[in-house]
Each structure stands twice: as structure tokens, then as C-alpha cells.
Amino acid sequence: MGKPATFRIWRGGPDGGGFQQYSTSVEEGMVVLDAIHHVQAEQAPDLAVRWNCKAGKCGSCSAEINGMPRLMCMTRLNELDLDAPVTVEPMHTFPVLRDLVTDVSWNFRAKKTIKRFHPRLPDAPDGTWRIQQADVDRVQEFRKCIECFLCQDVCHVLREHHKHDEFIGPRLLVYAAALEMHPLDTEDRVSDLRHRHNIGYCNITTCCRQVCPESITITENAIIPLKERVVDRYFDPIKSLFHIL
Amino acid sequence: MPEFQRFSYDVLVIGAGGAGLRAAIEAAATGARVGVICKSLLGKAHTVMAEGGIAAALANVDDRDSWRVHFADTMRGGQYLNDWRMAELHAREAPECVRELEAWGALFDRTPDGRILQRNFGGHRYPRLAHVGDRTGLEMIRTLQDHGIHQGMEVHMECTVLSLLMDDGRVAGACGYDRERGRFQLWQAKAVVLATGGIGRAYKITSNSWEYTGDGLALAYRVGAELQDMEFVQFHPTGMVWPISVRGILVTEGVRGEGGVLRNSDGRRFMFDEIPDNYKEQTADTEEEGWRYTQGDKNARRPPELLTRDHVARCINREVKAGRGSPHGGVFLDISWIKDRLPKAADHIKRKLPSMYHQFRQLADLDITREPMEVGPTTHYMMGGIRVNGDSQMSSVPGLFAAGEVAAGLHGSNRLGGNSLSDLLVFGRRAGRYAAEFAKNNSTATIDEPELQSTATAALAPFERGPSAENPYKVQHDLQEIMQSLVGIVRVESEMRQALEEIDRLRARAERAGIGGNREYNNGWHTAIDIHNMIVVSEAITRAAIFRKESRGAQFREDFPDKDAEWGKFNIVIRRGASDEMLVEKRALAPPPDELTAVIREMK
Ligand SMILES: Cc1cc2nc3c(=O)[nH]c(=O)nc-3n(C[C@H](O)[C@H](O)[C@H](O)COP(=O)(O)OP(=O)(O)OC[C@H]3O[C@@H](n4cnc5c(N)ncnc54)[C@H](O)[C@@H]3O)c2cc1C
Ligand code: SF4
Ligand code: SF4
Ligand code: FES
């Protein structure tokens, strides 16, 4: 069966590590995660890797494959050049725990700092709301997010400048957009976006949008409209006057 | 002596899928101190993968629907082995639970007048599934997660529970390790809710993730809780069959709900060939009528593709065995044909089934708007589980509750699609409420320190045995082969007896499993521990399946191919005997009150 292929997998922990080369046989239809599992089952039982759904739905298996941030379960081997070794390494923006597993807990803590959903009073006496499909469609795109954090991984504000304490990153800007544009929500997050979450650090490089496995138009549909709200509030002289009053 | 990090709660919830999160939210709302433990990161539990929808008789699309019809459908689907009280509560409370999700921010697809849209699904008489395209589970888990993190619960992500601790007959907490660093932890609690999900990893072909090793069932069994209906494992009729590496990944029933049809290699819609008597009246006579049903014609009856999962899975099995299958051992599922009926069919399909479109495009190089898919049965769901009180969800062990897939009762011998997500909400909420009440009425229990130490020692044993001992992945793999081939869709006593012998051998091998490396995020070590749970569960499934000498719902016995009314009066219950042997016994079903019997009769 199958033909041999070589994988350079990063092995190590918080104190350092390096690439190790494994060769395993691959078959038609396989994805990178399958190859990693083969290596794990046959050669390196203690190889650390996260996964759950194997179908691009849970966002667990993020890694950098030949330098590109991707889901291992959705990267087909036939898209890669198998004549050269395939490099698989953990996301760079988060601290390594072991091998391909990184500490992404910061994302969960940062999420808590965003004001929660707060609906308007129900529309109907039975406590339910009436919402048009078009209004649902507008935010549905943001709600597709599987929290793979690949966009966080490529954002230079986090990756190079390590502004984790000041900036919430594209994933959480998408989350804030989903709340801000939710047809029922009444909360105001504009001030937080400017002062607490520093949306201004984003200079629309669109790196995040390019890696999103859910094809969420992160920059154009989420971040730019949020930036516009901030600008309207703080830099439009008339509106900002009203706001201060 | 291994060190333990210690935590103390009123209510400890093990599992952060839909059931666990809903339980934790409810318990926290009473003011209880709540801890939540999960093996993966928050939001990655199995619930995230659910596609089709949440069943609830909201009657937004068809006003003939009501809790009574939903109740009757659930009982019919389960072939009347269901706990009637759970089926009743589920049908009555599901609509309220769905509305609650909306109030917490979930956004479902809408009807033209702006209410929650509902779709058709197998075994449901009317369109009943609230949904968001085909990613309903994601919407549900994210809503619960984002609401839950502000409710004051403490979440321990990537921790695995190794055992439940007991004090004088009641539960006292749990202990386990964190996956990141392999440190031991103790979570003391007055009440514990198990919401650990299912067992699919005991089989080779499954839609389930690595988490589904039956931990909750094994944990409860070891401390004396009763398990029930373990013979009923649901094989979903439509899993992917090609490429090999994605074999088993689910193709949602929503495809058939939207008009997708099943064909064999002769191009025949074979589902019309055999329609069970109790569904004859509700099933379309012609392809034309079936199509009208999927397009919302209230006078049409549903196409046979939407019969219950057990039946559809067996029909597919039959076609494949008879040599009428697809090239890779499945049958054809075709949604692309609707282009003959609908303008802009391709866009319609992409909008209604976006993640299916994406999944096939990406993983199988196939465009479902143009070509048929190849599908075959995949191990999907465990109807059986921990036997609980229908109202409170407490197991036979005081203070130990169970909700969601890990609990038994609601679904009887076969679950209807969409009835799981609603189950999680209804019974997660109940378990949370009653666990908090139990905690309020009971003091903190004492921790059995020697037991704690021996758990840790046993957990570390694979390191002592080292990497040259038995490979844990190999043991797991062999178990999956055996369950798949000997205790699968079609069962026969001689093969299952053989499976029991094999399981004994595997147990011995599991006890010899070893591992190298260290304790930080060591997947091999985790597997060496998990296989013990899978072995307990596999034995329970096999013993219960041998014991039930009839075919009903998900259990099909080649040696007893018919349903037997006598067996319809019993559940099979499994518990641990005094000398660690597995006891299997019949337990008579409680008959429903007259009022509900009348509902069942009226809707038959
Ligand atoms: C692909 C797919 C599609 C589906 N579609 C639908 C659908 O459309 N409608 C429907 O109603 N149902 C559907 N189902 C079924 C449904 O999704 C599941 O039955 C349901 O989500 C189970 O939820 P749960 O809360 O019981 O468990 P889960 O969501 O699986 O959560 C289990 C939790 O327990 C934790 N856990 C397990 N063991 C341990 C341990 N030892 N220590 C600590 N934590 C532990 C896990 O980490 C996890 O957090 C689908 C299932 C699959 C696989
Ligand atoms: S567009 Fe903004 S958020 Fe996205 S990667 Fe660039 S700087 Fe970061
Ligand atoms: S926005 Fe896209 S890339 Fe970012 S976490 Fe969500 S799914 Fe991943
Ligand atoms: S395993 Fe779920 S996204 Fe890859």
C-alpha cells in the first residue's frame, strides 16, 4: 500500500526542542493529522497533539505546516510537496506546552473581558423575539468561528509585538462584532474597543483573514465596521460632543 | 507519595458539552460553588460537532405539533423501552430550553414571520428541529460557554477524571490529572454530575472523537451505579466511506431532510423496498410524495429515507452485502438531483448544508451540488448509559447524577435525530438543579486518602512498565476491530461469545500496557489509562446484547431476527458484583400512566 513520506515534527517543551524526522507511509486521501497519528501510534507514542472532530469543526488541531498556519485535519497531503519533508510545528504566538500543543488559555481569559450579551426586552408576550433572516445572516458569518486561534497566531500585534495584555486579537474582535451586530443586543462595547481592547493597534494587514479556515471576512466585515463605530463615536466632532453630554 | 492539588465545590460537573455546561449554569444560578472539568479545551466537546438541530415542539412551522406528538414520536422511535417519565419531561420542557438559548444569544434560522425555523428529521412527525444551517451544535455550545463563563463557575480545562471517590455509600468527589503537566488533582464535592458523553471509540468506524472512551460509564460502574440499555448502540446510516482516512465522519441526516435520496448501484431508491409496519401509515407511497414532504407540503408523508436510523442503517447494510453497493462499500446519497426540481439548486444546497459542502469539497474532492456522495453506517451514539431517576437524574449512587449521552432512559432502544441536543438541555438543567439541592442538604464528605493514593499509583504504572511493554494504541486498535466485527450492526450469539473471550485477553494486555516519555501532555499515557474504560464498556455492551434475545431498535440479532413482545417489558441492567464480576439482569419497565398511554395509542 501507500508510499513513504517524511515529516519533520517539532518535539520539545517550554525549555526548548527541535525538529525530528519521521517517515511513514501515506495513502490517497490522507490529511496531515492522519500522518501525525500514524507516527504517534507506531513510532512516538508520547507525541503531543490536540484534535477532536477530524472534520474542521472544533478548531483543536491548529499548527504551522510548512510554515503556514492551518488545521491539520483539513490539510490534504496531496496539496503538499511530498518529495521534500513536510514540516509541522506548533503555533508560534502561544507558549509551547509540549510538541504541537500550545498554551492557548490566554484567549479564554481575554474573552471574559468583553461585555456579555444583553438582549432587548422580548417582542412578544410569550417572551420570544421576532428576528428577520436577513438580520441573522449578517452575524452568522462571525458565529461560524471555531476558535482555532490561527488568526491570533498570525497577527503581528500578538506574534511579534506580544501585546497580549492590551490587544484582544482578531478572533476576539470577531466575537465583539458578533455581539455588537447581534439583532437583539443592547450593550455598548465601543468605548472598551477603543480603550481597553485597543482596536487601533490593528492596521488591517488582512493576514488574519487569509488564514481563517472558516473563511470569515475578519477584516472587512468585522474589524473595519467596528473601527468605524469607534471613529464615529470619538473622532466625529458632533457625535463625540453628544456623547460627552 | 504523589501530590494532589486540591479543590472543593458544592457541585462538581464532569464534562463540558451541552449537558455539563447546562448543568453547571443551573447549579451556579442557585448560588452553589461549581467546578467543571473537561478533557479538551472549553468549547471543543462533542456537542460542537452536532449538525442537524435541536428537537422541540415549538410548533412554529406546523401548528399541529405539540409536546404530546413529540412524546409519542420519541416512544415509537425507542420501541417503547424508553423511561416514559423522561420522554414526557423532555417533550414538555424542550421548547422552553430552546427559547432560553435564544435569550442567551443563540441565533437560529428564522421563519418568514421571524420566529425560530424548524426542519424535518427522521422519525419526527412534523418539522421540529430548531437549527442553524448544519452547525447547530457549534451555536449551542458557544452560547452555553459564553453565557457560562460569566456565571461564576470554575472551569478546569484539559483535565481527566480517573475515579470517583466515595464516603460511606455516597459520592465525595473525584480525582484525576491535568493533561498539560500530568499533575494529580482532587476535586472534593457534595454532589457530582457526570456529563461525559458516549463510547464511540470502542468501534473502528465512528463519528466520535478521541474523547468518547466511555469514561463516565466506567467511573459510575466502578462505584456501584447501575447501567441500563447497554445493548443499544446507534449506528448512524450515513457516515463518509471514502477516502479511508475520513471513514466514519458524519454526513448529517439534514441532507435527507432537505430532499437527499439514497440509491444503490442500480440507481434504485431501495428505501422504498421495505417499510416497517408501524411506520407504513406515515410514509410516502411515491417518490413524488416524498419530495413534496421535504418541501413543506403538509399533506404529504415523509420519504422512506427519513425512517428511523436503525432501519436505514440495516437497509444500507443489506444493499452492500447483496453486492449493490457503491465502489467503496457504501451506497449513494444524492442531494444534487434536486437541481431537476429547484432553480438555483446549487446555491440552495450550499446555504442549507454549508459544512457538508465544505467537508466533501475539502476531504473527498467532491462537489455535493453536482455528484452523489458515498455513505455507509458509522457508530454514532450510545442510547444506554447510567440508570437515573427520571425527574432528578440521580443515579443509584446517592449524590451522583448523570445527564446527556452518558445517561440512559430517554431514547429507549433507538434515539431520534435532534433528540440528543434537547436531551442535553432538559436533563442538564434538571441534573444541575437537583445536584445543587442535594449539595445544600448534605455536608461535605470525607476523602478516602488511601483510595486517592492507590488511584495515583495505578495511573503511573504504565511509566513503570516502560515503552517496550504492550503498546496502548495497539490494544485500543485491536479492541476496535473486535467490537466492529463481532458486536456491530448485525449480531449473533456465537460471535459475541467470541468477543467476550477476546475482551478478556485485551484486558490482560491493557494491564501490561507501558509508555515512555514524561507526564506532560503524553497522549500515549492517556490512552493507556482510557483503554480500561473502553474495556468495561465493551464488555457491558456485549453482555447486554447477548442477554436480549430479540431484535429491537438498534439491536439486530441474526439469530433472533424478530421483535418479541415479552422482551418489550424489560430493560437490561448491569452492575458490578461483590467480586468484581459483571452482573446482568432484567428489570421490568414501569408502565406509563393512563393519560400517556392514551397519547401513545392515539398517535400510533
Ligand atoms: C457528528 C455528530 C453530529 C451530531 N448531530 C446531532 C444533531 O444534529 N442533533 C442532536 O440532537 N444530536 C446530534 N449528535 C449527538 C450529540 O451531539 C451528542 O450526543 C451530544 O452532543 C453529547 O453531549 P454531552 O453533553 O452528553 O457530551 P459531550 O458534548 O461529548 O461532552 C462530554 C464532555 O465530557 C468530558 N469528559 C469525558 N470524559 C471525561 C473524563 N474522564 N474526565 C473529564 N472530562 C471528561 C469531555 O471532555 C467533554 O467535555 C451528533 C453527534 C455527532 C458526533
Ligand atoms: S488585520 Fe489587524 S487583526 Fe488582522 S492580522 Fe492584521 S493587524 Fe492583526
Ligand atoms: S476567526 Fe477564523 S481563524 Fe480566527 S479563530 Fe475563528 S475560525 Fe479560527
Ligand atoms: S480536529 Fe477539529 S478542527 Fe481539526
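As the structure is a prediction and not an experimental result, all values here were calculated from the model. (Residues numbered from 1 in each chain as written. Chains lettered and ligands numbered in written order. Predicted model: local features only at pLDDT ≥ 70, side-chain atom pairs only at ≥ 80, totals over all residues. Heavy atoms only, no water.)

(A) Here's a closer look at the overall build of chain A. The number of helices and strands found in chain A is ten helices and seven strands. By principal-axis analysis of the C-alpha atoms, chain A measures approximately 70 × 40 × 25 Å. Across the 245 residues that make up chain A, the buried fraction comes to 58%. For chain A, the exposed surface amounts to about 10,400 Å²; the carbon and sulfur share of it is 52%. For chain A, the distance from the average position of its 30 positive side-chain charges to the average position of its 33 negative side-chain charges is 4 Å. (Helix = DSSP H or I, 4+ residues; strand = E, 2+ residues; numbered from the N terminus. Buried < 20%, exposed > 50% of the residue type's maximum accessible area, 1.4 Å probe, protein only. Areas by Shrake-Rupley, 256 points an atom, 1.4 Å probe, with all protein chains shown as cover. Lys, Arg positive; Asp, Glu negative; His and termini not counted. Charge placed at Lys NZ, Arg CZ, Asp CG, Glu CD.)

(B) Broad picture of the interface of chain A and chain B. The partner chain B presents 65 residues to the 57 residues of chain A that form the contact. Between chain A and chain B lies a buried interface of about 5,100 Å² when both sides are counted; carbon and sulfur atoms form 52% of it. Three residues stand out in chain A for area buried against chain B, namely Asn52, Lys57 and Arg116 of chain A, and they jointly supply 13% of the buried area on that side. Aspartate 365 of chain B is paired through a salt bridge with arginine 76 of chain A; the nearest N and O atoms lie 3.0 Å apart. At the boundary of chain A with chain B, the tally comes to 35 residue pairs in polar contact (both at pLDDT 80 or more). When residues of the side of chain A that touches chain B are traced back to their parent elements, those giving at least two are helix H1 (32-42), strand S6 (96-98), helix H2 (105-112) and helix H3 (133-143) of chain A. A total of five residues in the side of chain A that touches chain B trace back to one element, the largest contributor, which is H3 of chain A. (Contact = heavy atoms within 4.5 Å. Buried area = accessible area lost by both parts, 1.4 Å probe. Salt bridge = Lys/Arg side-chain N within 4 Å of Asp/Glu carboxyl O. Polar contact = N/O pair within 3.5 Å; in protein donor to acceptor, adjacent residues only side chain to side chain.)

(C) How the structure looks around the site of ligand 3. Taken together, the residues surrounding ligand 3 are Cys145, Ile146, Glu147, Cys148, Phe149, Cys151, Arg171, Cys212, Pro213, Ile216 and Ile218 of chain A. Per-class residue counts for the shell around ligand 3 are nine nonpolar, no polar and two charged. (Near = heavy atom within 4 Å. Nonpolar A, V, L, I, M, F, W, Y, C, P; charged D, E, K, R; others polar.)

(D) Looking closely at the packing of helix H13 (residues 472-486) of chain B against helix H15 (residues 523-547) of chain B. Residue and element names in this part refer to chain B. The contact between H13 and H15 brings their axes to 8 Å, and the two run at 25 degrees. As the angle between them shows, H13 and H15 are arranged roughly parallel. In terms of crossing hand, the pair formed by H13 and H15 is left-handed. Residues Pro472, Tyr473, Val475, Gln476, Leu479, Gln480 and Met483 of H13 touch H15, and the partners they reach there are Asn523, Gly524, Thr527, Ala528, Ile531, Met534, Ile535, Ser538, Ile541 and Thr542. (Axes fitted to C-alpha atoms, helices over the stretch in contact; angles between N-to-C directions. Parallel < 35°, antiparallel > 145°, perpendicular 65-115°, else oblique. Left-handed = near helix turned anticlockwise from the far one by under 90°.)

(E) Structural view of the sheet that holds strand S2 (residues 16-26) of chain A. Residue and element names in this part refer to chain A. If you walk across this open sheet you meet the five strands as S2-S1-S5-S3-S4, and the pairing is mixed. Pairing within the sheet leaves two strands with one partner each, and these edge strands are S2 and strand S4 (68-71). Neighbour to neighbour, the strand axes of the sheet diverge by 30 degrees on average, direction disregarded. Here strand S3 (residues 62-65) pairs with S4 via four bridges, running antiparallel. Pairing of isoleucine 65 across the sheet is with methionine 68, part of S4. Those strands touched by H1 are strand S1 (3-13), S2, S3 and strand S5 (86-89), and its axis lies near 100 degrees from that of S2. (Pairing = 2+ DSSP bridges.)

(F) View of the packing of aromatic side chains. Residues and elements named next belong to chain B. Counting across every chain of the model gives eleven aromatic pairs over all chains. Relative to phenylalanine 235, the ring of tyrosine 203 lies with its centre 5.7 Å away and its plane at 85 degrees, an arrangement referred to as edge-to-face. In this pair, tyrosine 203 sits in the loop between strand S9 (184-194) and helix H5 (215-222) while phenylalanine 235 sits in strand S11 (residues 233-240), placing the two residues 32 residues apart along the sequence. Residues tyrosine 203 and phenylalanine 235 agree in their burial class; the two are buried. (Phe/Tyr/Trp six-rings, centres within 6.5 Å; stacked < 30°, edge-to-face > 60°.)

(G) Focus on the layout of surface pockets. Empty space within the largest pocket amounts to approximately 1,400 Å³. Together, 48 residues line the largest pocket, and His37 and Lys54 of chain A together with Arg201, His477 and Gln480 of chain B are the ones closest to its centre. Taken together, the elements giving at least two residues each to the lining of the largest pocket come down to H1 of chain A together with H13 and H15 of chain B. For the lining of the largest pocket, a count of residues per class yields 14 nonpolar, 19 polar and 15 charged. (1 Å grid on protein atoms, 1.4 Å probe; cavity = no way out; pocket = protein on both sides within 12 Å on 5 of 7 lines; lining within 4 Å. Points joined across faces, edges and corners; volume = space filled by probe spheres on them.)

(H) Fine view of the site of ligand 2. Around ligand 2, the structure places Cys155, His156, Pro170, Cys202, Asn203, Ile204, Thr205, Thr206, Cys207, Cys208, Thr219 and Ile223 of chain A. The residue inventory of the shell around ligand 2, partitioned by class, reads seven nonpolar, five polar and no charged.

(I) Up close: the domain arrangement of chain B. All names here are of chain B. Here chain B is partitioned into domain 1 (243-377) and domain 2 (459-566). Relative placement of domain 1 and domain 2: their C-alpha centres are 32 Å apart. Contact with domain 1, which involves four residues of that partner, is made by five residues of domain 2. For the pair domain 1 and domain 2, the summed buried surface comes to about 440 Å²; carbon and sulfur atoms form 62% of the total. By the criterion of area lost to domain 2, the three top residues of domain 1 are Asp310, Arg314 and Asn317, representing 74% of everything that side buries. Seen at the junction of domain 1 and domain 2, the total is zero salt bridges. Scanning the region where domain 1 abuts domain 2 turns up one residue pair in polar contact (both at pLDDT 80 or more). No other element matches the three residues that helix H8 (residues 309-321) contributes to the side of domain 1 that touches domain 2. When grouped by side-chain class, the residues that make up the side of domain 1 that touches domain 2 number one nonpolar, one polar and two charged. (Domains from an automatic or database assignment.)

(J) Structural context of the nonpolar core. The biggest cluster of nonpolar side chains holds 248 residues, and the ones touching the most others in it are Met72 of chain A together with Val11, Val34, Leu194, Met373, Leu400 and Ile541 of chain B. Top contributing element to this core by residue count: H15 of chain B, with eleven residues. Not counting residues up to four positions away in its chain, the partners in contact with valine 34 of chain B are Tyr9, Val11, Val13, Ala24, Ala27, Ala28, Met153 and Glu154 of chain B. (Core = buried A, V, L, I, M, F, W, Y, C linked by side-chain atoms within 4.5 Å.)

(K) Expanded view of the pairing of strand S7 (residues 159-167) of chain B. Residues and elements named next belong to chain B. Counting buried residues in S7 gives seven out of nine residues, a clear majority hidden from the surface. Bridging between S7 and strand S8 (residues 170-178) involves eight bridges; their strand directions are antiparallel. In the sheet register, leucine 165 faces S8, and the bridge partner there is glycine 173. Here S7 folds back onto S8, and the loop between the two strands holds two residues, one of which, aspartate 168, carries a positive phi near 50 degrees.

(L) Quick look at the confidence of the model for chain B. Predicted confidence across chain B gives a mean pLDDT of 95, with 100% of residues reaching 70 or more. Across the assembled chains, the prediction reports ipTM 0.94 with pTM 0.95. (pLDDT = per-residue confidence, 0-100.)

(M) Quick peek at the packing of helix H1 (residues 18-29) of chain B against helix H11 (residues 419-440) of chain B. Residues and elements named next belong to chain B. Their axes nearest at 7 Å, the elements H1 and H11 cross at an angle of 40 degrees. In terms of axis orientation, H1 runs oblique to H11. The interaxial crossing formed by H1 with H11 has right-handed handedness. Here H1 contributes Gly18, Ala19, Arg22, Ala23, Glu26 and Ala27 to the contact with H11, which in turn contributes Leu424, Leu425, Gly428, Arg429, Gly432, Arg433 and Ala436.

(N) Examining the pattern of salt bridges more closely. Residue and element names in this part refer to chain A. Inspection of the entire model under this criterion finds 82 salt bridges over all chains. A salt bridge links arginine 159 to glutamate 64; the nearest nitrogen and oxygen atoms lie 2.9 Å apart. Taken as a pair, arginine 159 in helix H5 (residues 156-159) and glutamate 64 in strand S3 lie far apart in primary sequence, 95 residues in all. According to the relative accessible area criterion, arginine 159 is partly exposed, its value standing at 23%. By relative accessible area, which is 2% here, glutamate 64 ends up buried.

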